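Listed here are the chains, written in short residue letters.
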Amino acid sequence: MSKLYQIEILNISLEKVAEVVNPYPLNNQGVILKYSNELSDYGTCTFRVANEDPLFSIFGDIVIPHKYHVRIRRKGAIVWRGAIIDNPSRNKNYVEVRAAEYLFYFDKKRVNRDAETVAGDGKNNYRLFNTGTMASAVNSIITEMKNGFGSQHILTNMTIGTIENPNYPANFATPAGAALTGAWNFSADVVMQFDYHTVLHVLKSFGAVSNADFDLDENLQFTFKRFYGTVRLDLGFVYGTFGNIINYDVPRYGQRMINDYYGLATDDKGGLLRIQETDSTSISSYGLMEGSTAFSDVINNNILRARLKEDLGLLSTPDSAPINITIDDKTWPIGTWGVGDIINVKIKDGIIDFNGPRRIVGITTTVHNTGKELAYVQTNKPRDDQLGA
């Protein structure tokens, strides 16, 4: 294996047990390692160990899911760490190891539910957020989760870092029509409710309605921010003779388009909630395309409106699809940019002509047995307010 990377197996205390020196290839092209990082979600890592590797005869079965962990170093620096979650194949040639970053466990713990006020009132079937800031809600959820896992779980080592309170998105209002602006506070006008959902689901829902991001880093420090990453418009990914993009995919998705969008939900008393959001520019350019979605976990008009606006931004034009690019190790060094960053992408190739800012939402890195790296970068269109973040 190239000296550029080290694959380390760790015990439950995150102490190094062994190093995988000669990984078995993942495919016929000689790829030996694949790992990813995701924005507000967990990435994964995959490699294989030959059945006859001395690692097994010396240390035994040290790739058992949830009992052992993986740490990836690049030039000595930690670039990925997580728990082994699968051995998707164990055959006469190799054992395949799949690991996930520790946010994975956020999806293995249900959020605490409220206590009954009166016996049989059903409040112990859901968690209601109708007072306090979103920052305080996040802090409570994470603390409860950590305590619920117990002292033997890997997340007992987790710490809470920066927890920022987001602002209300545009167009939040009281039933009387008064605008709600500034720092997010749950109230009778801004309510969220979850029943038997996981902590990861709740955090993603918070992020979706408030445009916030969250992360659990390699040191097991959790952060929740209004914006995760850096605006790097000086950093350009360019396709062409002197560019650094070696392949790209700029799809157009017209089949899924909606530019007149209804959201339906019910409030906590069973009343119907109905919000309409439209994109007049899209209607003028492409014609009317109506759609609707029923949201089972929304009980408030403001939250319903926020969900619609987030969805509509990804559905109202064929060009709002993700742009995926492939770059090699001759471009901007891996580690100088990452998920959450906003960079500039320029692709001029025949009829395909794109030049504009994109936000990195996922990076998958593959490593060849020669040490050659390729990074597959998924990008979304950033919101206008993020360009000044």
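Residues numbered from 1 in each chain as written. Predicted model: local features only at pLDDT ≥ 70, side-chain atom pairs only at ≥ 80, totals over all residues. Heavy atoms only, no water.

(A) The arrangement of the overall build of the chain in detail. Across its full length, the chain holds five helices and 21 strands. Its C-alpha atoms put the chain at 70 × 65 × 35 Å along the principal axes. Counting only residues that meet the buried cut, the chain has 46% of its 389 residues in that class. Taking contacts inside the chain between residues at least 6 apart in sequence as the whole, the part at least 24 apart equals 65%. Summed over all atoms, the accessible surface of the chain reaches about 18,800 Å², with 46% contributed by carbon and sulfur. Taking the 39 positively charged and 43 negatively charged side chains of the chain as two groups, their mean positions are separated by 4 Å. (Helix = DSSP H or I, 4+ residues; strand = E, 2+ residues; numbered from the N terminus. Buried < 20%, exposed > 50% of the residue type's maximum accessible area, 1.4 Å probe, protein only. Contact = heavy atoms within 4.5 Å. Areas by Shrake-Rupley, 256 points an atom, 1.4 Å probe, with all protein chains shown as cover. Lys, Arg positive; Asp, Glu negative; His and termini not counted. Charge placed at Lys NZ, Arg CZ, Asp CG, Glu CD.)

(B) Looking closely at the packing of helix H2 (residues 134–149) against helix H3 (residues 199–210). Running from N to C, H2 and H3 point in directions that differ by 165 degrees, and their axes come no closer than 11 Å. Taken together, the axes of H2 and H3 lie roughly antiparallel to each other. Crossing angle aside, the handedness with which H2 passes H3 is left-handed. Residues Met134, Ala137, Val138, Ile141, Ile142 and Met145 of H2 form the contact with H3, whose participating residues are Val199, Val202, Leu203, Phe206, Val209 and Ser210. Residue classes in the contact of H2 with H3 are distributed as 11 nonpolar, one polar and no charged. (Axes fitted to C-alpha atoms, helices over the stretch in contact; angles between N-to-C directions. Parallel < 35°, antiparallel > 145°, perpendicular 65-115°, else oblique. Left-handed = near helix turned anticlockwise from the far one by under 90°. Nonpolar A, V, L, I, M, F, W, Y, C, P; charged D, E, K, R; others polar.)

(C) Layout of the sheet that holds strand S16 (residues 272–278). Taking strand neighbours across the sheet as the criterion, the three strands line up as S16-S15-S17 in an open arrangement whose pairing is mixed. This sheet does not close on itself; its edge strands, each paired only once, are S16 and strand S17 (290–294). Averaged over neighbouring strand pairs, the angle between their axes works out to 20 degrees when direction is ignored. Direction of pairing for strand S15 (residues 260–266) relative to S16: antiparallel, over a ladder of seven bridges. From the neighbouring strand, Gly263 faces S16, where its bridge partner is Ile275. On the sheet, helix H5 (residues 301–315) packs against S15 and S16 and is oriented at approximately 35 degrees with respect to S16. (Pairing = 2+ DSSP bridges.)

(D) Representation of the nonpolar core within the structure. Ranked by size, the top nonpolar core spans 55 residues in total, and within it Phe106, Leu155, Trp184, Phe206 and Phe222 carry the most contacts. A total of seven residues in this core trace back to one element, the largest contributor, which is H2. Setting aside its immediate chain neighbours within four residues, Phe106 contacts Ile142, Met145, Leu155, Met158, Thr198, Val199, Leu200, Leu203, Leu216 and Phe222. Of all hydrophobic cores here, the second largest spans 24 residues; its members include Val70, Trp80, Ile84 and Ala99. (Core = buried A, V, L, I, M, F, W, Y, C linked by side-chain atoms within 4.5 Å.)

(E) Highlighting the pattern of salt bridges. In the structure shown here, the tally under the stated rule is 19 salt bridges. Between Arg71 and Glu8 there is a salt bridge; the shortest N-O distance is 2.6 Å. Taken together, the residues span a long stretch of sequence, with Arg71 in strand S5 (residues 69–74) and Glu8 in strand S1 (residues 5–10) at a distance of 63 residues. As far as the burial class goes, Arg71 and Glu8 line up, both buried. (Salt bridge = Lys/Arg side-chain N within 4 Å of Asp/Glu carboxyl O.)

(F) Fine view of the pairing of strand S21 (residues 373–380). Taken together, the six bridges between strand S18 (residues 323–328) and S21 define a ladder with antiparallel strand orientation. Bridged to Asn324 within S21 is Gln378. As paired elements, strand S20 (residues 352–368) and S21 share eight bridges and run antiparallel to each other. Residue pairing in the sheet places Gly362 in a bridge with Gln378 of S21.

(G) Representation of the environment of Asn185 within the structure. Tracing the sequence through the fold places Asn185 in the loop between strand S9 (159–163) and strand S10 (192–194). Between the C-alpha atom of Asn185 and that of Gln378, which follows or precedes it by 193 residues, the distance is 33 Å. With residues up to four places along the chain from it excluded, the contact list for Asn185 reads Gly132, Thr133, Tyr168 and Val190.

(H) Layout of H3. The first and last C-alpha atoms of H3 sit 17 Å apart over 12 residues, in line with the 16 Å expected at 1.5 Å per residue. When you tally the buried positions in H3, you get nine out of 12 residues, the bulk of the element. For H3, the full list of buried residues reads Val199, Leu200, Val202, Leu203, Ser205, Phe206, Gly207, Val209 and Ser210. Looking at the buried residues of H3, the elements they touch are strand S8 (127–129), H2, S10, strand S11 (213–216), strand S12 (221–225) and H5. Just downstream of H3, Asn211 is the residue with a positive phi angle, here 65 degrees. (Expected span 1.5 Å × (residues − 1).)

(I) Quick look at the packing of aromatic side chains. One pass over the full model with this rule turns up 17 aromatic pairs. For the ring pair Tyr24 and Tyr94, a centre distance of 5.0 Å and an interplane angle of 35 degrees mean the geometry is tilted. Placement of the pair is Tyr24 in the loop between strand S2 (16–20) and strand S3 (31–38) and Tyr94 in strand S7 (residues 94–100), with a sequence separation of 70 residues. Three or more aromatic residues joined by ring pairs form one cluster here, namely Phe129, Tyr168, Phe172, Trp184, Phe186, Phe194 and Phe206. (Phe/Tyr/Trp six-rings, centres within 6.5 Å; stacked < 30°, edge-to-face > 60°.)

Remember, this is a structural readout, not a statement about activity or role.
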